[in-house]
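# An overview of the molecular structure
Okay, here's what each chain looks like letter by letter:
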Amino acid sequence: MRHLTSVPYLCIERRISCGKGVYILHGKLVMIMEKKSRSRTIVVDGDACPVKKEIAEVGRAFGVPVLMVSSYDHALKAEEGVTVVQVDRGDQSADLYIANHISAGDVVLTGDYGLAALALGKRCSVLSFRGQEYVDSKMDFMLEGRHARAVERRRGHYSKGPKPITAEEKMYFQHKMTKLLILLQENVEQ
């Protein structure tokens, strides 16, 4: 997205020397078109996130802001580099908020396949809380599995759910998130 501003002609001399923008003479005013870049954000589906501390640490280490979104049922506290947004208790409220507020280049952390698919569609990088990277080529298979499990639940067959996350899995997640941010940082610098 480009941002257009007008400045008096005399001020432009200094701006030319620093090489910013494209300059178009228009009478006595010069139009400066500067590229306004939006910084990358780590967006977290905070309702069922078992690695909040690890996310905050990695975000601070890279200087990337963290946005944790959860319902009012979960008491999250903002800290340095971490912003907390609380949404209604309704089913999928946090996921809808995230889907409406992410943009290309963001890093989305979630355990929800539907939200992961939406984020991939918006050209975001997506990781699970266990460090699994979601990719377009596997999303159809994952969504079909989710649908099959939902059908089984409607029939009365319930699974035990995921095992609690271990300290080793938390370290693996932190490693994968660090690796992803390094890769994204290198791609931007090139």
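Here, the structure is the one placed above.
Residues numbered from 1 in each chain as written. Predicted model: local features only at pLDDT ≥ 70, side-chain atom pairs only at ≥ 80, totals over all residues. Heavy atoms only, no water.

## As for the sheet that holds strand 5 (residues 66-71)
One open sheet accounts for six strands, arranged 6-5-4-7-8-9; its pairing is mixed. In this open sheet, the two edge strands, each paired with only one partner strand, are strand 6 (82-87) and strand 9 (133-134). Pairing between strand 8 (residues 125-127) and strand 9: two bridges, direction antiparallel. Bridging across to strand 9, Val 126 finds its partner in Tyr 134. (Pairing = 2+ DSSP bridges. Helix = DSSP H or I, 4+ residues; strand = E, 2+ residues; numbered from the N terminus.)

## Quick notes on helix 2 (residues 52-62)
Every buried residue belonging to helix 2 is among Glu 54, Ile 55, Ala 56, Val 58 and Gly 59, and all of these are buried. Following helix 2 by one or two positions, Gly 63 adopts a phi angle in the positive range, close to 70°. (Buried < 20%, exposed > 50% of the residue type's maximum accessible area, 1.4 Å probe, protein only.)

## Here's the deal with the pattern of salt bridges
Evaluation of the coordinates by the stated rule reveals four salt bridges. A salt bridge links Arg 130 to Glu 169, with the nearest nitrogen and oxygen atoms 2.8 Å apart. Of this pair, Arg 130 sits in the loop between strand 8 and strand 9 while Glu 169 is found in helix 6 (residues 167-189), placing the two residues 39 residues apart along the sequence. The salt bridge involving Glu 152 is made with Arg 155; its shortest N-O contact spans 3.2 Å. On the basis of relative accessibility, which here comes to 31%, the residue Glu 152 falls in the partly exposed class. (Salt bridge = Lys/Arg side-chain N within 4 Å of Asp/Glu carboxyl O.)

## Topic: the pairing of strand 5
Across the six residues of strand 5, six count as buried, placing the element largely inside the fold. Judged by which residues are buried, strand 5 turns out to be covered on both faces: Val 66, Met 68 and Ser 70 on one side and Leu 67, Val 69 and Ser 71 on the other are all buried. Between strand 4 (residues 42-45) and its parallel partner strand 5, the chain crosses via helix 2, and the hand of that crossover is right-handed. (Right-handed = clockwise from strand over helix to strand, strands pointing away.)

## Some words on the nonpolar core
Membership of the largest hydrophobic core comes to 22 residues, with the highest contact counts inside it found for Ile 42, Val 44, Ile 55, Leu 109 and Met 177. Elements supplying a minimum of two residues to this core: strand 4, helix 2, strand 5, strand 7 (107-109) and helix 6. Ranked by residues supplied to this core, first place goes to helix 6 with five residues. Non-local contacts of Leu 109, meaning those with residues more than four positions away in its chain, are made with Ile 42, Val 43, Val 44, Asp 45, Ile 55, Leu 127, Phe 129, Phe 173 and Met 177. The next biggest cluster of nonpolar side chains, apart from the first, holds 19 residues, and it includes Ala 94, Leu 120, Val 126 and Met 139. (Core = buried A, V, L, I, M, F, W, Y, C linked by side-chain atoms within 4.5 Å. Contact = heavy atoms within 4.5 Å.)

## Here we look at the packing of aromatic side chains
Considering all chains together, one arrives at one aromatic pair under this definition. With centroids separated by 5.9 Å and ring planes inclined at 75°, the aromatic side chains of Tyr 113 and Tyr 134 adopt a geometry described as edge-to-face. Separated by 21 residues along the polypeptide, Tyr 113 in helix 4 (residues 113-121) and Tyr 134 in strand 9 bring together distant segments of the chain. Residue Tyr 134 is classed as buried on the basis of its relative accessible area, which comes to 3%. (Phe/Tyr/Trp six-rings, centres within 6.5 Å; stacked < 30°, edge-to-face > 60°.)

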